[in-house]
Amino acid sequence: MIKNVYFDLDGTLVDSAPGIIEGLKVALTKYGYDIPDFVTLRKCVGPPFTYSFPKLLHIKDEDFDGAVAAYRQYYDKENGMFNAKVYAGIEELLDALNKRGYCLFVCTSKPEPTARKLLAKLGIDHYFTDICGATLDASIDTKAEVIDLCFSRAPWHKKEETVLVGDTKFDAEGAAQRGIDCIGVSWGFGSKWDLEDAGAVTILDYPNEVLEYIESN
């Protein structure tokens, strides 16, 4: 029986692609890298930078820290993060889950201070018991590590009563690594095929289907 629902942020709760992609362009331009095509940039929305910067954007090790700093200058300090919107149907989903007594957490690879600021600005932070995210020093970085953080803050949560809702293979892989189910959603930045391959227990197309699945399990 599901009692606790952990939500990924980028691509699951919020369409944050415009602000993130612009921040990536700022960082790439500052360090003299070519701007890749939109498909590649879009793949960078969701995964931690320790994955996307070297593997997708081909940023060299010696430029990594500076490129991250340039991105954060635009995204965090200049409020590029606010170029985002809550997906249609998400607030209704969160409200319905709250009213039915589920415990909701945010579980994101986005730095936690940034996630808290963004969710407050968008007006949906109050639906969550806690907002857990990565650390700026990357000591907590992967989805599995953020799941660990969620459980450390709510040690009464049981794995068999907890699910993660996410849009990419990183969500499904992290959930599998920590022994919880992942509900994949198709409206974000990942693909159904990747979610299936990574072990998502189901893949849903609309927020109201997430409610139906959780209520029936």
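Everything numeric here is computed off the predicted structure, so don't read it as measured data.

Topic: the side chain of Ser-52
Thinking step 1. Here Ser-52 shows up in helix 3 (residues 49–55).
Thinking step 2. Judged by its relative accessible area of 0%, Ser-52 falls in the buried class.
Thinking step 3. Setting aside residues up to four positions removed in sequence, Ser-52 forms contacts with Cys-44, Pro-47 and Leu-57.

What to know about helix 8 (residues 169–177)
Thinking step 1. Among all positions in helix 8, only Asp-171, Ala-172, Gly-174 and Ala-175 are buried. Buried residues in helix 8, looked at end-on, bunch into an arc of 165 degrees, giving them a common side. Set apart from the buried face of helix 8 by more than 90 degrees, the exposed residues are Ala-176 and Gln-177.
Thinking step 2. Elements that come into contact with the buried residues of helix 8 comprise helix 7 (143–153), strand 6 (162–166), strand 7 (181–185) and helix 9 (192–198).

Brief notes about the sheet that holds strand 1 (residues 4–7)
Thinking step 1. Ordered by their spatial adjacency, six strands build an open sheet running 5-4-1-6-7-8, and the pairing between neighbours is parallel. Only two strands of the sheet have a single neighbouring strand rather than two, namely strand 5 (130–134) and strand 8 (202–204). The average undirected angle you get between the axes of adjacent strands in this sheet is 25 degrees.
Thinking step 2. Summarising the sheet, strand 6 and strand 7 pair through four bridges and their orientation is parallel. Residue pairing in the sheet places Val-165 in a bridge with Ile-183 of strand 7.

Thresholds applied
Residues numbered from 1 in each chain as written. Predicted model: local features only at pLDDT ≥ 70, side-chain atom pairs only at ≥ 80, totals over all residues. Heavy atoms only, no water. Helix = DSSP H or I, 4+ residues; strand = E, 2+ residues; numbered from the N terminus. Buried < 20%, exposed > 50% of the residue type's maximum accessible area, 1.4 Å probe, protein only. Contact = heavy atoms within 4.5 Å. Arc of directions from axis to C-beta. Pairing = 2+ DSSP bridges. Axes fitted to C-alpha atoms, helices over the stretch in contact; angles between N-to-C directions.

Keep in mind that these numbers describe shape and distance, not what the molecule does.
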